[in-house]
Amino acid sequence: MIESTMIIHRDRSRREQLITALPGGYGKLIGVTRELIQQATRTVDILRSRVPAPGKRLEKIGRLESDLLHFPRDSVAVRLLASPDLVGESFWKRLPPEHQGRLAIRVARLPPLQVLMADGATALVVVGPPAERRASLIRVPEVLEALETLFESIWSSAVPPNEDVVFGDRDRAILARQILSAMRAGVTDEVAARELTVSVRTYRRYVAEIMTLLGATSRFQAGVRAAELGLLPRGDNPWQDGAGRS
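Note that the structure is predicted; figures quoted are calculated from it, not measured. (Residues numbered from 1 in each chain as written. Predicted model: local features only at pLDDT ≥ 70, side-chain atom pairs only at ≥ 80, totals over all residues. Heavy atoms only, no water.)

Confidence in the prediction of the protein, expressed as mean pLDDT, is 76, and 68% of residues score 70 or more. Contacts from residues 5-9, a stretch scored under 50 in pLDDT, to residues over four places away or in other chains number zero contacts. A low-confidence stretch, residues 242-246 stays under pLDDT 50, and its non-local contacts, those more than four residues away or across chains, total eleven contacts. (pLDDT = per-residue confidence, 0-100. Contact = heavy atoms within 4.5 Å.)

What follows covers the pairing of strand S2 (residues 43-48). With respect to burial, S2 is a largely interior element, five of its six residues being buried. With six bridges joining them, S2 and strand S3 (residues 77-82) adopt parallel strand pairing. Directly across from Leu 47, in S3, lies its bridge partner Leu 81. Pairing analysis gives five bridges linking S2 to strand S5 (residues 113-118), with the strands arranged antiparallel. What sits directly across from Val 44, in S5, is Ala 118. (Buried < 20%, exposed > 50% of the residue type's maximum accessible area, 1.4 Å probe, protein only. Helix = DSSP H or I, 4+ residues; strand = E, 2+ residues; numbered from the N terminus. Pairing = 2+ DSSP bridges.)

So, about the packing of helix H7 (residues 170-185) against helix H9 (residues 200-214). Close contact between H7 and H9 brings their axes to 10 Å; oriented N to C, the two are set at 95°. In terms of orientation, H7 and H9 fall into the roughly perpendicular class. Of H9, the residues touching H7 (which contributes Arg 172, Leu 175, Ala 176, Ile 179, Leu 180, Ala 182 and Met 183) are Tyr 203, Tyr 206, Val 207, Glu 209, Ile 210 and Leu 214. Partitioning the contact of H7 with H9 into residue classes produces eleven nonpolar, no polar and two charged. (Axes fitted to C-alpha atoms, helices over the stretch in contact; angles between N-to-C directions. Parallel < 35°, antiparallel > 145°, perpendicular 65-115°, else oblique. Nonpolar A, V, L, I, M, F, W, Y, C, P; charged D, E, K, R; others polar.)

Judged by pairing direction, the sheet is mixed, and its seven strands sit side by side in the order S1-S7-S6-S5-S2-S3-S4 without closing on themselves. Either end of the sheet is taken by a strand with one partner, and the two such strands are strand S1 (19-21) and strand S4 (103-107). This sheet shows a mean twist of 15° between the axes of neighbouring strands, independent of strand direction. Two strands pair when backbone bridges link them, and strand S6 (residues 122-127) and strand S7 (residues 134-138) are joined in this way by five bridges, in the antiparallel orientation. Looking across to S7, one finds that Leu 124 is bridged to Leu 137. Across the face of the sheet, helix H2 (residues 26-39) comes into contact with S2, S5, S6 and S7 while running at roughly 155° to S6. This element, helix H6 (residues 141-157), spans S2, S3, S4, S5, S6 and S7 of the sheet and lies at about 70° to S3.

Here we come to unusual backbone geometry. Positioned with a positive phi, Asp 119 is a non-glycine residue whose angle comes to about 60°. Along the polypeptide, Asp 119 turns up in the loop between S5 and S6. Judged by its relative accessible area of 16%, Asp 119 falls in the buried class.

Opposite charge on two side chains makes pairing possible when the charged atoms of those side chains draw close. What the rule picks out here adds up to six salt bridges. For Asp 45, the salt bridge is made with Arg 79, and the minimal N-O distance between the two is 2.9 Å. Separated by 34 residues along the polypeptide, Asp 45 in strand S2 and Arg 79 in strand S3 bring together distant segments of the chain. Grouping residues by exposure puts Asp 45 and Arg 79 together as buried. Notably, a salt bridge pairs Glu 190 with Arg 204, separated by 3.2 Å at the nearest N-O pair. Of this pair, Glu 190 sits in helix H8 (residues 189-195) while Arg 204 sits in helix H9; the two residues are 14 residues apart in sequence, bridging distant segments of the chain. (Salt bridge = Lys/Arg side-chain N within 4 Å of Asp/Glu carboxyl O.)

What follows covers the nonpolar core. Among the nonpolar cores identified, the biggest contains 48 residues, and Val 44, Leu 116, Leu 124, Ile 179, Leu 180, Tyr 203 and Leu 214 are the most heavily contacted of them. Top contributing element to this core by residue count: H7, with seven residues. Contact partners of Tyr 203, with chain neighbours within four places excluded, come to Ile 179, Ala 182, Met 183, Asp 189, Ala 192, Ala 193, Leu 196 and Val 198. Formed by 18 residues, the second largest nonpolar core is a distinct cluster that contains Leu 18, Leu 81, Val 115 and Ile 154. (Core = buried A, V, L, I, M, F, W, Y, C linked by side-chain atoms within 4.5 Å.)

Dropping the structure here:
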């Protein structure tokens, strides 16, 4: 009985050592992040989203984050999976030119989560808004495997941040967005075609052209890629009135 209790206690202590809570503010997190990036020898994978901070604070945070990308060794492959608002023009201006060719970046709509994995052996995980931020260093193999699976699944459907989709002139671009909105709302082809005053055959031809431009193999995938590229506005959808749903 005593021996089994000691084994349980030892296993619990070992597991606690593999998950380390990180107290301290944003500066502490930046320091730990920099250390992990510097120590990596093979790969650094970063999943980065956040609850937006106001004004100058947002710009300051963005500057600190992009500056961290100065530190990987030349032999380290770096992938950054970020929400679109983090990879703007100012980000590219701050990124070292020598890193731009070897840094793979994709954007996706992400929950407010921050993960950095170094060599698949250590992960820094940060959750919650700034006022309630919680951070931990994780070395538990099962958790690391789950985080890698999450990263890969999002990465496979994410898109490059500078990927442009050109629908043609202004009128065709407006029509394309109307069709994408109808597809997102699940409106039937017949109803959408009638509302847009085109034939069903023409509407379906437009749908096929849009899917080709987006590199999508299904309407659902087209909607996902359109959202990631910012082609569909957030908020109310004019088609979502309950009519014409398939």
